[in-house]
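Here is what each chain is made of, one letter per residue.
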Amino acid sequence: MATQAQQPPHLHLAELTAAQFIDIWKHFDADGNGYIEGKELENFFKELETARRGAGVVSDPTHVAFKEKMKEFMAKFDKNADGRIEMSELAQLLPTEENFLLCFREFVGSSAEFMAAWRRYDTDRSGYIESNELKGFLSDLLKKANRNYDDKKLNEYTQTILRMFDLNGDGKLGLSEMARLLPVQENFLLKFQGTRLTVKEFDSLFTLYDKDGNGYIDEQELDALLKDLHDKNKMDVEAAGLVGYKKSIMALSDGGKLYRTELEIVLCRDSTL
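Overview of the structure. (Residues numbered from 1 in each chain as written. Predicted model: local features only at pLDDT ≥ 70, side-chain atom pairs only at ≥ 80, totals over all residues. Heavy atoms only, no water.)

## Comments concerning the overall build of the chain
As a reminder, the rule being used: Going along the chain from the N terminus, every DSSP run of H or I of four or more residues is numbered as a helix, and every run of E of two or more is numbered as a strand. Each residue's exposure class comes from its accessible area (1.4 Å probe, protein chains only) as a fraction of the maximum for that residue type: buried when under 20%, exposed when over 50%, partly exposed otherwise. Any pair of residues with heavy atoms lying within 4.5 Å of one another is described as a contacting pair. Method for areas: the Shrake-Rupley scheme with a 1.4 Å probe, in which residue coverage is limited to the protein chains shown.
The helix and strand inventory of the chain stands at 13 helices and six strands. Relative to its full complement of 273 residues, the chain shows a buried share of 48%. When contacts within the chain are restricted to residue pairs at least 6 apart in sequence, those whose partners lie at least 24 apart make up 62%. For the chain, the accessible surface area stands at approximately 13,800 Å², while carbon and sulfur atoms represent 49% of it.

## Quick look at the side chain of Asp210
For clarity, the cut-off: Two residue types count as positive, namely Lys and Arg, and two as negative, namely Asp and Glu; His and chain ends fall outside the count. Salt bridge, as used here, is a side-chain nitrogen of Lys or Arg placed within 4 Å of a carboxyl oxygen of Asp or Glu.
Tracing the backbone through its elements, the reader meets Asp210 in the loop between helix 10 (199-209) and strand 5 (216-217). Buried and without a salt bridge, Asp210 has Arg260 as its closest oppositely charged side chain, separated by 5.1 Å. Once you skip the residues sitting within four places of it in the chain, Asp210 turns out to touch Gly215, Tyr216 and Ile217.

## Here we look at the nonpolar core
Filter applied, for reference: Only buried residues count toward a nonpolar core. Its members are Ala, Val, Leu, Ile, Met, Phe, Trp, Tyr and Cys residues joined through side-chain atoms within 4.5 Å.
Counting residues in each nonpolar core, the largest one holds 63 residues, and the members touching the most others are Phe73, Leu90, Leu134, Phe137 and Leu267. Look past the residues within four positions of Phe137 in its chain and what remains in contact with it is Phe114, Ala117, Trp118, Tyr121, Ile129 and Met178.

Here it is as structure tokens:
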């Protein structure tokens, strides 16, 4: 007797738990760079089509029909049109339980709101929060999003976030990693991918403008710093675009103060934060 074709083990369209969502993400983001792209993207779309339509669909990446379907898919879900899928985009596609990641969007509509929540826990401005503080951070976000949850669910979400971001098990979660929860258009890190400072270059530049050595610069000093970066061809942006860059960076400020660690995360290509 013929048996019904089984759906792929890693992708199905039933309601997913937060942990299952991360399993799917890690399965397809094979190199762990934070994106599903290239061959990973082909594999993802192939399994997605099989899960949606069953066995027998065209699944040859070289086939014209497959390419057309994939093109339509990317036009719909690749919000920033960079030719790859990131976690925030995948969360819109999959019916995750209670929209685990999407629920944060209802509250964290901007990078400024995200930073306000973050600073309540990163009190020493190290660019990290300790894992034991994460539960409170997530609880705050869920409350702001008007989401009902119990302690068991909060523990599950906390453990899932740890699995996502605390890769070396040191009990710390980095600001740059947690920013991936933001919508693509609000992820401040993505806006500065064309900035090419090393940590050494950043340290020299920040020290130059932080004249009193108090660990932060203000809006006027940021103007001078950005102009300096532009003049030295360290930014892929026209002079007219500096206003937009400045606005995005100032969204991270705390009462007009931009702290060293937070600015390093944005401007350095090899920051360890």
